[in-house]
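# Results of the structural survey
Letter by letter, the chains look like this.
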Amino acid sequence: MLIGIPREPDALVSATPDTVAKLIKLGYKVQVQAGAGEQASFPDPQYVEAGAEIVGDDVWSADIITALDTPREQDRAAMRQGAVLIARMAPGRSGKLVEELAGRNLTGLAMDAVPRISRAQSVDVLSSQANIAGYRAVIEAANVFGRLFTGQVTAAGKVPPATVYVIGAGVAGLAAIGTANSMGAVVRATDLRPETAEQVESMGAQFVPIPAETQESDDGYAKEMTADQAAAAAKLYAAESAKADIVITTANIPGRTSPVLLTEADVAAMKPGSVIVDMAAANGGNCTLTRAGEVVTTNNGVTIIGYTDLAGRLPAQASQLFGQNIVNLLKLMTPGRDGQLVIDLDDEIIRGITVTQASDQGIGNILWPPPPVKVSAAAQPAVTPAGLSAPDGAQAVDAHEGGKGVAWKLIAGLLGVALVLASPMQVASQYMLLLLAIVVGFYVITAVTHKLHTPLMSETNAISGIILIGAILQVGSSSLVVSALAFVAIVVASINIFGGFFVTRRMLGMFDGGER
């Protein structure tokens, strides 16, 4: 099938040369409209080198169109019947668009309707773009703040650090917290969900809880507050904003009007020179004085930034992440890696984003809204031999594979018992210790999450060192077999030691900027 990458009205593009190459590996042909990536620093020759064809307005005749947002009406009209449109569509508040797509017999896949479940994170464009937007929000605030973020003690006097207050600890909020903290600011943050406290503190900020907390809803967002909870939250927002130099609001729920967090009275109580970055400006704003797409300054000297394109102000990175989200989606929808798109409505991710589906009758079927998906509902976890739940995404082995595993364990156990019985008594006790160590080690290692396997490997350097010393002592044995085994132990332990130190060094470099 042919994928078309049109030129966008803003600086972003839905595919980069890197993601185009990945789409081609999936078996697709790719056409890119001339100049589509120019503003994101991706000139046409890079797309050609990646394997794409540069075309003009013919791009709209492709089998699949990927775009940042819903294309213009004239561009939608240029799409052929039965084609697939993949873009952000805001279907929850775009009823006429949904009907139009069905009337044109187009399949619409809304990238901003991805369900908030673990396995869907790789295709969640809202999260990938919010991550960049959170970073950019701090940069925009610093640009107009007019003071240093970090505190300093100089010969001319002491400079206090800036204080940043972030409302909302989702993807955008955590990105803003991390950026402000890395710039030296004192950061405080609030979220309706108490479970985000640990995440906020891990980013170097202080979590400020709301006296009346709410719980996370089934769709992954905080539940709507009661009147008493809302009053308590509003009081907290006002008090914290009055103390802060910079306030960043991130309460933005797709398909709904953004809640008001800061009133005109709250802004009037803030210090002159303070800055508010309203990341929900596109959906009405979290501040009553926000103007979408504009920067305004109040009578008391508070600057309110209402940019709606924060992610678009970093077009190269935003385009790359968006394009990778598209690649991840098409990997899921191209099981044969043959360039043929398969819309499996039994898959909760695909069903969740499918707004309309083209049909052979000439009129598409409207599939919006999708059935609800509870983020707390998970598949029955596979059980490890230790009786512990398997990691997320792991699947239980089938009965055939499980039977083979049991057979191998039984054979290994019988061989171990036979070895112990056939050995002298003084050696048999050592074998017993070895077998017990193997069993304990197996259960300990399998209980460790995969994310910790690399640092765990570096910790085993000490154990490998003990093995190396023992092998060196035995390499001069009069027994040829013992000497050979000692030599092998020296080689293997040395590889593990030096490999562990190398991996550890690279890990530390990733934290201090030495590795990218």
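The rules behind the values
Residues numbered from 1 in each chain as written. Predicted model: local features only at pLDDT ≥ 70, side-chain atom pairs only at ≥ 80, totals over all residues. Heavy atoms only, no water. Axes fitted to C-alpha atoms, helices over the stretch in contact; angles between N-to-C directions. Helix = DSSP H or I, 4+ residues; strand = E, 2+ residues; numbered from the N terminus. Parallel < 35°, antiparallel > 145°, perpendicular 65-115°, else oblique. Contact = heavy atoms within 4.5 Å. Nonpolar A, V, L, I, M, F, W, Y, C, P; charged D, E, K, R; others polar. Pairing = 2+ DSSP bridges. Buried < 20%, exposed > 50% of the residue type's maximum accessible area, 1.4 Å probe, protein only. Right-handed = clockwise from strand over helix to strand, strands pointing away. Patch = residues over 30% accessible without salt bridge, like charges linked within 9 Å, V, L, I, M, F, W, Y side chains within 5 Å. Areas by Shrake-Rupley, 256 points an atom, 1.4 Å probe, with all protein chains shown as cover. Salt bridge = Lys/Arg side-chain N within 4 Å of Asp/Glu carboxyl O. Left-handed = near helix turned anticlockwise from the far one by under 90°. Phe/Tyr/Trp six-rings, centres within 6.5 Å; stacked < 30°, edge-to-face > 60°. Lys NZ or Arg CZ within 6 Å of the ring centre and 35° of its normal. Expected span 1.5 Å × (residues − 1). Arc of directions from axis to C-beta.

## Side note on the packing of helix H1 (residues 17–25) against helix H10 (residues 315–333)
As a packed pair, H1 and H10 sit with axes 9 Å apart at the nearest point and diverge in direction by 10°. Here H1 lies roughly parallel to H10, going by the angle between them. Seen from H1, the contacting residues are Asp18, Thr19, Lys22 and Leu23; seen from H10, they are Gln320, Gly323, Gln324, Val327 and Leu330. Looking at the contact of H1 with H10, its residues break down into three nonpolar, four polar and two charged.

## A word on the sheet that holds strand E2 (residues 29–33)
Ordered in space as E3-E2-E1-E4-E5-E6-E16-E17, the eight strands form an open sheet in which the pairing is mixed. Of all the strands in the sheet, just strand E3 (53–55) and strand E17 (365–366) have a single pairing partner and so form its edges. Bridge count between strand E1 (residues 2–5) and strand E4 (residues 64–69): two bridges; the pairing is parallel. From the neighbouring strand, Gly4 faces E4, where its bridge partner is Ile65. Across the sheet, helix H4 (residues 95–103) touches strand E5 (84–88), strand E6 (107–110), strand E16 (354–357) and E17, and the angle it forms with E16 is around 35°.

## Let's talk about unusual backbone geometry
In the segment running from Trp368 into Pro369, the intervening peptide bond is cis, with an omega of 0°. Structurally, the position occupied by Pro369 is in the loop between E17 and helix H12 (399–422). A positive phi angle, near 50°, is found at Ala90, a position not held by glycine. By the secondary structure assignment, Ala90 is in the loop between E5 and H4. Even without glycine at this site, Asn105 takes up a positive phi of about 60°. Mapped onto the secondary structure, Asn105 falls in the loop between H4 and E6. Using a relative accessible area of 4% as the deciding quantity, one classes Asn105 as buried.

## Side note on the pairing of strand E9 (residues 163–167)
The side chains of a regular strand alternate between both faces of the sheet. Counted residue by residue, E9 has four buried out of five residues, so it is predominantly covered. Of the pairings in the sheet, the one linking E9 to strand E10 (residues 186–190) comprises five bridges and is parallel in character. Within the sheet, the bridge partner assigned to Ile167 lies in E10 and is Thr190. Handedness of the crossover joining E9 and E10 through helix H6 (residues 171–182) is recorded here as right-handed. Pairing between E9 and strand E12 (residues 246–249): four bridges, direction parallel. The partner of Val164 across the bridge, within E12, is Ile246.

## As for the sheet that holds strand E13 (residues 275–278)
The mixed open sheet is built from seven strands, whose spatial order is E11-E10-E9-E12-E13-E15-E14. Of all the strands in the sheet, the pair left with one neighbour each is strand E11 (206–207) and strand E14 (295–297). Seen against the sheet, helix H5 (residues 125–145) touches E12, E13 and strand E15 (303–305) and runs at an angle of roughly 150° to E13. The sheet strands contacting H6 are E9, E10 and E12, and the helix crosses E10 at an angle near 165°.

## With respect to a nonpolar patch on the surface
Residues Val475, Phe487, Val488, Val491, Val492 and Ile495 make up a contiguous nonpolar surface patch of about 540 Å² in total accessible area. Tracing the chain through its elements places Val492 in helix H16 (residues 480–512).

## So, the pattern of salt bridges
Throughout the structure, instances matching the rule amount to 16 salt bridges. In this structure, Asp75 engages Arg72 in a salt bridge whose closest nitrogen and oxygen atoms are separated by 3.0 Å. Of the residues examined, Asp75 reaches a relative accessible area of 11% and is grouped as buried. Taking the shortest distance from any N to any O, the salt bridge between Asp309 and Arg313 comes out at 3.2 Å. For Arg313, a relative accessible area of 29% translates into the label partly exposed. Taken together, the salt bridges that share partners define one network made up of Arg136, Glu140, Asp309 and Arg313.

## With respect to the packing of H5 against H10
Look at H5 against H10: their axes get within 9 Å of each other, and the N-to-C directions meet at 165°. Here H5 is positioned roughly antiparallel relative to H10, judged by the angle of their axes. Crossing of H5 against H10: the hand is right-handed. Of the residues in H10, those in contact with Val125, Ser128, Gln129 and Ile132 of H5 are Gln317, Ala318, Leu321, Phe322 and Asn325. The residue inventory of the contact of H5 with H10, partitioned by class, reads five nonpolar, four polar and no charged.

## Examining the pairing of E13
Here E13 shows two buried faces, one formed by Val275 and Val277 and the other by Ile276 and Asp278. Here three bridges tie E13 to E15, and the two strands are oriented parallel to one another. Residue pairing in the sheet places Val275 in a bridge with Thr303 of E15.

## With respect to the packing of aromatic side chains
For any two aromatic rings, the description comes down to two numbers: the centre-to-centre distance and the angle of the planes. This model, assessed by the stated rule, comprises one aromatic pair. For Arg313, the ring lying beneath its charged end belongs to Tyr307, and the centroid distance is 3.6 Å.

## Looking at H4
Those residues of H4 that sit buried are Leu97, Val98, Glu100, Leu101 and Ala102. Among the structural elements, helix H3 (73–78), E5, E6, E16 and E17 are those in contact with the buried residues of H4. In the stretch just after H4, Asn105 is the one whose phi turns positive, near 60°.

## Looking at helix H8 (residues 227–243)
Its 17 residues give H8 an end-to-end C-alpha distance of 25 Å, which sits within 8% of 24 Å, the value for a rise of 1.5 Å per residue. Taken as a whole, H8 has its buried residues at Gln229, Ala232, Ala233, Leu236, Tyr237, Glu240 and Ser241. Buried residues in H8, looked at end-on, bunch into an arc of 155°, giving them a common side. Among the exposed residues of H8, those oriented more than 90 degrees off its buried face are Ala227, Asp228 and Lys235. Packed against the buried residues of H8 are E9, E10 and E12.

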